[in-house]
Amino acid sequence: MQEEIAVVGAGVTKFGKRFDVSYRELMAEAASEAINSMDRPITPNQIQGLYVAASIPELTVDQAHVANLAAQELGLEPEIIARVEMACSSGSTAIRNAWAAIKSGLIDTALVVGLEKMYANTQAANHGLCIVPDVTYEATNGITAYSGFALIAQEHMKLYGTTRDQLSSVSVKNHSNGAKNPKAQFFEKGEITLEEAKSARMVSDPLNLYDCSPITDGGAAVILTRGSLTTKFSEQPVWIKGSGQSVEPSLGVSNMKSLTEWTALKRAAQKAYQTSGISPSDIDVAEVHDCFTIAEIIEYEDLGFTAKGTGGKFIEDGESALSGSLPVNTSGGLKAKGHPIGATGVAQVVEITEQLQGKSGKRQVDGANIGLTHNLSGFATHHVVHILSNEEAK
Amino acid sequence: MGSNTITHLPYKIEKGTKIQKFWDELNNDNLMTTKCKNCSELHFPPRTLCPKCYSTKTEWVQLGLSGKVESFTYVRTPPLGFENPFYLLVVRLEDLDKPITGRYVGDKDIYIGKKVVVAFEQIEKQNFLVFKEQVD
């Protein structure tokens, strides 16, 4: 049997408007949160791989070559180092690459840091989001993330009868969870009512302000090592049991097979389930990519939590609530925890790691042993799924 | 509606390359794309390398302008560079088995399944495709 790989350190910074730190200070804070979470904190000479997930620092803080910046700030001389850019899924992609480097035998231990500082230049951040789809052939026609997902929502509502209340219920749930997470961007805001969520200012029909995740400053970091070394660092390693990734051969809408059934997500999920031997009904807790409320509803379906077309009912019936059969986005999700795009995929793995270690405080899912993360980018064209467990042998 | 919602492009577009004909023909109110001479795959957007068979032998074909609305949204918060709210459509053209997106500049009666046609709107001396209602 191949040696398993585990998370032995995991931490996030406070998400929100972080005018109190520079880009590099945020990077250091994220790394420090992960290092200080370890039972026996790692030292620089033990870090052989360094991956930095960052989407738009060139635009927001005028800094390129940010993986080298991390090496400077963290005093590292790694054997393998890379900056990973896959827009909103940069974080999970960086984790998958670190996992693959350890799996290959090239290195034993890697640090993954994801971050974004979007309030540093909000106009540049907006521009950075607008140029994620196919700029030449689609963005010039006026399509952007929120209008793209609005088109997806419109079609899902028409095909499956998904309702306004169901969309808003995702937002209400995620704000309720975020109100229990002191690191969340909207922790201080507290819970919102269904009425508030439904009556918010319309952005692009049918998506209103409370259907959309915000821009955010924030960072997250994890430390991965191979099975035989986990005891050096941690009493409670969390094992990466499955990892899957897939992409559509489409940068925009034109070459997607379907707007409402995400075939690349289904392929990524199937790979993660297959490699782990874990099935959707085994999952105790999940962090999924709720950039817009409709995305979370489609993800319930294409991750196999519920049948195609019944994602709306899944939220309406409370299945994904903190007290439900499969709590989703206990951190508050992208909606309430915030969405610093390079950090998001890493922060999802941090939340699941803490859940499986029983460290999630007021939002702890009782008896959580197996968790899943899902991170996407573009118009749902690229997906990464990870399955984690607090037991090495399932 | 009907008036330009954009007067200045917020993005740089690479032009004067092998697919210049696409842009030139838009200025003649024609929608062109490429087709693979080897495997007959119809591309959109136009290509210089066929993604199905990796042949570089492609030819230009003209697409008919009629299609049907597959999805739509009214964008009330326009993105950078766009001045007014607008309808955004996903349209399935009769001649192309891939959806295309664009702003709608026709009447206000918009619904999934509505017949629309490609129209052309000039921004900085370059036509871009938009949609308007089909008049039978």
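Above this text sits the structure in question.
Residues numbered from 1 in each chain as written. Chains lettered and ligands numbered in written order. Predicted model: local features only at pLDDT ≥ 70, side-chain atom pairs only at ≥ 80, totals over all residues. Heavy atoms only, no water.

Caption draft 1: Spatial organisation of the overall build of chain B. Counting its regular elements, chain B contains 1 helix and 7 strands. In chain B, the succession of helices and strands from N to C terminus is α-β-β-β-β-β-β-β. For chain B, the spread of C-alpha atoms along the three principal axes comes to 45 × 30 × 25 Å. The buried share of chain B, reckoned over its 136 residues, is 46%. (Helix = DSSP H or I, 4+ residues; strand = E, 2+ residues; numbered from the N terminus. Buried < 20%, exposed > 50% of the residue type's maximum accessible area, 1.4 Å probe, protein only.)

Caption draft 2: Inspection of the interface of chain B and chain A at higher detail. Each partner contributes to the interface: chain B provides 36 residues, whereas chain A provides 33 residues. When chain B packs against chain A, the two sides together hide about 2,900 Å² of surface, and 60% of this comes from carbon and sulfur. Looking only at chain B, the three residues that lose the most surface to chain A are B:Tyr11, B:Leu80 and B:Thr101, adding up to 22% of its buried area. At the junction of chain B and chain A, the tally comes to 1 salt bridge. Ionic pairing is found between B:Arg76 and A:Asp205, a salt bridge with its closest N-O pair at 2.8 Å. (Contact = heavy atoms within 4.5 Å. Buried area = accessible area lost by both parts, 1.4 Å probe. Salt bridge = Lys/Arg side-chain N within 4 Å of Asp/Glu carboxyl O.)

Caption draft 3: Looking closely at the side chain of A:Gln357. Residues and elements named next belong to chain A. Secondary-structure assignment places glutamine 357 in the loop between α14 (344-356) and β10 (370-377). A distance of 3.3 Å separates the side chain of glutamine 357 from the side chain of lysine 359, its partner in a polar contact. Excluding residues within four positions of it along the chain, glutamine 357 makes contact with Gln236 and Val238. (Polar contact = N/O pair within 3.5 Å; in protein donor to acceptor, adjacent residues only side chain to side chain.)

Caption draft 4: The nonpolar core, seen in detail. Grouped together as the largest cluster of nonpolar side chains are 79 residues, with contacts concentrated most on A:Phe149, A:Trp262, A:Ile283 and A:Phe305. The element best represented in this core is strand β4 (residues 86-93) of chain B, accounting for 7 residues. For this core, the two domains that each supply at least three residues are domain 1 (18-63) and domain 2 (64-136) of chain B. If you look at the next biggest cluster of nonpolar residues, it comprises 33 residues, including A:Ala53, A:Leu224, A:Ala347 and A:Ile352. (Core = buried A, V, L, I, M, F, W, Y, C linked by side-chain atoms within 4.5 Å. Domains from an automatic or database assignment.)

Caption draft 5: Structural context of the packing of aromatic side chains. All names here are of chain B. Throughout the structure, instances matching the rule amount to 13 aromatic pairs over all chains. Plain terms: the ring middles of tryptophan 23 and phenylalanine 128 are 5.8 Å apart, the flat faces sit at 65 degrees to each other, and that makes the pair edge-to-face. Pair noted here: tryptophan 23 is in helix α1 (residues 20-26) and phenylalanine 128 is in strand β7 (residues 126-133), with a separation of 105 residues, a long-range link. Phenylalanine 128 carries the same exposure label as tryptophan 23, and that label is buried. On the basis of an interplanar angle of 45 degrees and a centroid distance of 4.6 Å, the ring pair of tyrosine 74 and tyrosine 87 is categorised as tilted. In this pair, tyrosine 74 is assigned in strand β3 (residues 66-75) and tyrosine 87 in strand β4, connecting sequence segments 13 residues apart. (Phe/Tyr/Trp six-rings, centres within 6.5 Å; stacked < 30°, edge-to-face > 60°.)

Caption draft 6: Local environment of the pairing of strand β1 (residues 5-12) of chain A. Residues and elements named next belong to chain A. Judged by how many residues are buried, β1 sits mostly within the fold: 8 of 8 residues are covered. Pairing of β1 with strand β7 (residues 217-226), which is carried by 7 bridges, proceeds in the antiparallel orientation. What sits directly across from valine 7, in β7, is leucine 224. In this sheet, strand β8 (residues 238-247) lies alongside β1 in antiparallel orientation, the contact comprising 3 bridges. Residue pairing for β8: alanine 6 is matched across the bridge by tryptophan 239. (Pairing = 2+ DSSP bridges.)

Caption draft 7: Here's a closer look at helix α7 (residues 164-178) of chain A. All names here are of chain A. Across its 15 residues, α7 extends 21 Å between first and last C-alpha, which sits within 8% of the 21 Å expected from 1.5 Å per residue. In terms of burial, α7 is largely enclosed, as 11 of its 15 residues are buried. Residues of α7 that are buried: Gln166, Leu167, Ser168, Val170, Ser171, Lys173, Asn174, His175, Ser176, Asn177 and Gly178. Packing partners of the buried residues in α7 comprise α6 (145-160), α8 (194-198), α11 (293-302), α12 (311-316) and α13 (333-336). (Expected span 1.5 Å × (residues − 1).)

Caption draft 8: View of the pairing of β4(B). Residue and element names in this part refer to chain B. Across the 8 residues that make up β4, a large majority, 7, are buried. Bridge count between β3 and β4: 8 bridges; the pairing is antiparallel. Counterpart to lysine 68 in the pairing with β4 is arginine 92. Joining the antiparallel neighbours β4 and strand β5 (residues 99-104) is a turn of 5 residues.

Caption draft 9: Summary view of the environment of A:Gln274. All names here are of chain A. By the element assignment, glutamine 274 lies in helix α10 (residues 263-276). You can call glutamine 274 exposed: its relative accessible area is 54%. Counting along the chain gives 256 residues from glutamine 274 to arginine 18, while the straight-line C-alpha distance between them is 40 Å.

Function-wise, these values are silent; they only describe arrangement.
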